[in-house]
Each structure stands twice: as structure tokens, then as C-alpha cells.
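Given next are the chains, with one letter for each unit.
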Amino acid sequence: MAPSISDLKDALSAPAAYPHDPDRIDFEQTHISLVALVPPRVYKIKKPVSLKYLDFSTLERRRHFCEQEVRLNRRLAPDTYEGVVPIVDTDDGLRVDGAPDAGPVVEVAVAMRYLDPDQFLEARLARGAASAAEIDRVARTLCAFYESRPSTPEVAEAGRIDRLRAVTEGNFAEAEGHVGHLLSRPAHEALRFYADRFYDQHAGRLHRRRAGGCIVEGHGDLRLEHVHLTDDRVAIFDCVEFNDEFRHLDVANDVAFLAMDLDRKGRPDLARRFVDRMAEGLDDPGLHAVIPFYKSQRAQVRGKVHGLRAAAEEISAAEQDRSRAQARHYYQLALHYAVAGAGPLVVVVMGRPGTGKSTQAEAVARALGWPHLASDRIRKTHVGIPLHERPDAATRKRLYADRTTEATYATLRTRALERARRHQSTVLDATFSREAQRDGLRAALRAADVPYVFVEVTAGDAALKKRLRERSAEDATASDARATDFEVLTDRYEAPNALEDPRHVRIGTEGAPEQTTLDILKTLIRLAD
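The residue count restarts for each chain, going from 1 along the sequence in the order it is written. pLDDT decides what is reported in this predicted model: residues at 70 or higher carry local features, side-chain atom pairs at 80 or more are listed and counted, and totals for whole chains, interfaces and linings draw on all residues regardless. The side-chain quantities take in all heavy atoms of the structure and omit both hydrogens and water.

Draft legend 1. Broad picture of the packing of aromatic side chains. Under the pairing criterion, centres of Phe, Tyr and Trp rings, with the six-membered ring standing for Trp, must be within 6.5 Å; the plane angle then separates stacked pairs below 30 degrees from edge-to-face pairs above 60, leaving the rest tilted. Throughout the structure, instances matching the rule amount to 16 aromatic pairs. For the pair Phe 242 and Phe 246, a centre-to-centre distance of 6.0 Å together with 85 degrees between the ring planes defines the contact as edge-to-face. Judged by relative accessible area, which is 25%, Phe 246 ranks as partly exposed. Measuring from centroid to centroid gives 5.8 Å for Phe 432 and Phe 454, while their planes differ by 85 degrees, and the two rings are edge-to-face. Each residue's exposure class comes from its accessible area (1.4 Å probe, protein chains only) as a fraction of the maximum for that residue type: buried when under 20%, exposed when over 50%, partly exposed otherwise.

What follows is the structure in C-alpha cells.
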């Protein structure tokens, strides 16, 4: 009987379990693997799991996929993968790569060379040591690899749209259990809308890429932590061995994964350079058009994987918390690509008081992982008033004086621009009741070449009056607007007309709040085309 993963880990925590008596033993785990790091070796053991996309349920299947892992990874890391070794149950306990006659083989492992952790691309980025020249080296290595892997009719089948849709739908089905705690229902449905829309709008392009040889037997898991650089070589390892469909893919899908990881680490400049070098090296100018979609898909898959890992009982509570946080971040990044591509975007949620603009701005910002900058908070901060305190008449007069209003909108504009210069996106939440306020923000964003969308949320007068009546001085809201202010606020509101701006949309808020959030996200996706 095969030992449990817990028993394996306990047994392999002893130096005597290894042929070289290591000085240190560390472990890493995913939901499908246990990895023992014992310099100068690494042993990777597949967990006896059966999931929708892999089956490691028997020792023979684990042996087969270990052999597959060695064969496939020697393509891009020939000196790293040494072979498949047995784990033997001896009289003295479990032994890795034990003698054949010492006892029964209870498990197998992939034996690898230990690589200096400081030279992985992720570690180099973290300490500021990754350069454009190194990204170029990675691109040249990958271009040579893809050119040596011409498409075949069997591999090209994976590029058919029905096959692509099936993989996408499988990911959505597996992520369904994460809705409500790792991503919101509107975010989940918006991602589905984006995928369906992409397949419909780009069907011709995808067919041409398949017929043109862009579907290859690639890597399938091309992340920063799988790229190792030394002065004399680039080693790219840990490709997908357990599922051909995950490895038979558009070159752009592989490229997008590493580019997404560079974005995630705050280096969109290197991500753009990498994509550019890959498009040039492969003579594939059409690659750029599909990269945002594949980035979104890759981020979503990483969100799903971290969500699954967070549910694994064998990892610590702290690791589960980290996985949940990473899952949320990846799902947010997936939605970011859907509404903004790889660049920054400023979303301005505006409208009359009581329309629910702050509720929607906060929901959109949370779904995307962007900051929510609200005029009500900034205004009160300028004047020095507690956020949830409704001031007296004299203080309100000072709070809403023209000077304070101008300073508030200037702050919103400045913060949005500062973030955009760092390639970061923002949700602004303010009434923007004056055309001059909207014009000022538009002019500043256009001058800086920053894309934007004005989302005007609307509701009928009866609904607005009802919502304002329901507010009280004790409400936990920074807004001071109440039913008694309705006529004055309505008179002050200069509604945008149809000629004002093509980047202005209206969304009604009289339905369920989650439906309104979804409507806003869908609108942003449409405008991103």
C-alpha cells in the first residue's frame, strides 16, 4: 500500500532517506505535488490525486507521468532533469533511489539538479536584478524552441474554437466554488462574458492562427519561477506533463503567461518588451491582438489553482491564507485585462446623489483590485472633518464652498494621473455635476494619453428621494446628501448630453446592485475593444 503524502513527508524529513545524506531538507507543496529540496538534488513526487484534468491515482500512472515530465522538460532544461527514481520501503524505512532488492517500490520521484534560487527570474525581479537584456535572452531561447516544434494536425486540433471554449468553460465550472469569497458573482459573470465575446469576435483570427501553424506542443506553465538564468544558459523547466491539451496551445498562450507574470510583479515595461521580442522573433505580428485575452485566461487559471490550494488540508493555515489572497489577486488581474488590457484605465463613476454611485464605485474597484478614490472622503479630509460625521450648517457651507470643491476635484485628478504614470488604474467616485469638472479631468487624462471611461449611474426622481430619505445622521456614509437637499442638488447637476464625450455611458441603478455592477463591467469590456 502506498504511503500517504503526510507519511512520505515525515519519512523524507530524515537525511538517511537520501543517497547523498543532505545537510538541509526543505519541502514545497502544490495541490498535485510534494517537492523535497535537498541540495544538490531535488525530488518531486506526484500526489495520488484524480482531478478533472489529471489522473495520478495509481503508482503506474504516477511513474508514467514522471517519465513524461523528464522527457518533456529536457527540451528546455536538458541539464536539470536527471531521471525517475524509486522510493523503496526498506527495513530501515523509506529510501529515495534505493537498491532494487532492498524492498518494494512504494512511490517514484523525478530527480533534478538543485538550482540556485537567487537566479530564478522571479527572484531576480524581486531584487531589481532582471534587465531587458535578460528578457531578450529568454525570448531568443523560446523563439528557437517554438521554431523547432512545428505544428502537426494532431496538435493543431487544440486550436479549434470548440476545444478552446471547452477548456474555458471547464475553468469557469471549477471556479464556481470560489464565487462569493474569492471573487464576486459580477466579476465571475463578467469574465465569462468577456471570454464568450472574444471567441465570437475573433473566430476568424483564431482559425487563421490554427491553420497558420501557431498551435504547437509548448510549455503550458511558463511562469517567472520556472525560468532560471545563469551567465551561460537559460533553463526553462516544469512544463505541463499531465495533460496534452494544456501543453498543445497557441504560442501566444505561452507567451501571455510569462507576460502576465511580469505585469503581476510590477514590470509591464518588461512584459511589453517580451511580447514585442517574441512577435519579432517568430515573425508573428498577429500575436499582439490575442495576448490580452490569453493573459486574462492565464490569470484566471492561476486564481483557480490558488483557490484549490487554499482548500488543501495538508498545508498550514498561514499557507491557506496566502493562497486565498493570491487567488483573489489573480482573479482581479484577469478582470483587469478584460476591461483595460495591459495598460492603466481611469473609471469615473459619477451621477446625482442617491443613485448608488459610491456603492457601485466600491464594487467595481473591489472586483478589479483598484483603489476607490471618493470625493466625499477627500472633501472632508481637506476640511478636517471625521468621515462619518454629518457637520452643522456652518461647517457644511465651508465643506461645499467653491474653493473646497475645486481642491477636491484637483486631488482626484492628481491622484489618478500619478497612478496612471506608474501604469496603475483607478476608480474615481464623485458627482462631477459640473461640465467644467468633467472637461478638466478629460483634458488632463488626454494630455497624458491615459484612457478613461465616465460611467454615469442614474435612477428616477422617486427612487432618489426614497434613498435619500433612508439616510440618517447615523448612517456610516461619508456623503452628507439627504432628502432635504434633493431640489438643490438636482438644480446644480449639469447632466452630460449625448455630444459631450464618446467615452461616457449611462447605467441605471434601479435593479439589484449586483446586476448593476455586472452591467458596468460588461460596458467597460465592450469599450475596451
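Draft legend 2. Layout of the sheet that holds strand β3 (residues 41–46). The rule for pairing is simple: two strands pair if DSSP sees at least two bridges between them. Note on conventions: DSSP H or I runs of at least 4 residues are helices, E runs of at least 2 residues are strands, and numbering of each starts at the N terminus. If you trace the six strands from one edge of the open sheet to the other, you get β1-β2-β3-β8-β6-β7, paired in antiparallel fashion. Edge positions in the open sheet fall to β1 (26–29) and β7 (93–96), since each of these has one partner strand only. The average undirected angle you get between the axes of adjacent strands in this sheet is 25 degrees. Both β3 and strand β8 (residues 105–113) contribute to a ladder of four bridges, which runs antiparallel. Note that in β8 the partner of Val 42 across the bridge is Met 112. For this analysis, residues touch if any pair of their heavy atoms sits within 4.5 Å. An axis is simply a line fitted to the C-alpha atoms; with a helix, the fit covers only the stretch in contact. Between two such axes, the angle follows the N-to-C directions and lies from 0 to 180 degrees. Packing of helix α2 (residues 59–73) onto the sheet brings it into contact with β3, β6 (81–90) and β8, and relative to β8 it is tilted by some 10 degrees.

Draft legend 3. A look at the pairing of β3. When you tally the buried positions in β3, you get five out of six residues, the bulk of the element. Hairpin remark: strand β2 (residues 33–38) followed by β3, antiparallel, with two residues in the connecting loop.

Draft legend 4. Structural detail: the side chain of His 228. With respect to the helices, strands and loops of the structure, His 228 is situated in strand β10 (residues 227–229). For this analysis, a polar contact is any N or O atom pair within 3.5 Å, provided that within protein one partner can donate a hydrogen and the other can accept it, and provided that sequence-adjacent residues contribute only side-chain to side-chain pairs. A distance of 2.9 Å separates a polar atom in the side chain of His 228 from the backbone oxygen of Asp 116. Ignoring anything within four residues of it in the chain, the contact list for His 228 reads Leu 115, Asp 116, Gln 119, Phe 120, Arg 233, Val 234 and Ala 235.

Draft legend 5. Highlighting the side chain of Thr 80. Along the chain, the position of Thr 80 falls in the loop between α2 and β6. On the accessibility criterion, Thr 80 (1% relative accessible area) is buried. What Thr 80 contacts, discounting residues up to four positions off in sequence, is Ala 111, Met 112, Arg 113, Leu 115 and Ala 235.

Don't take any of this as a statement about function, it's just geometry.
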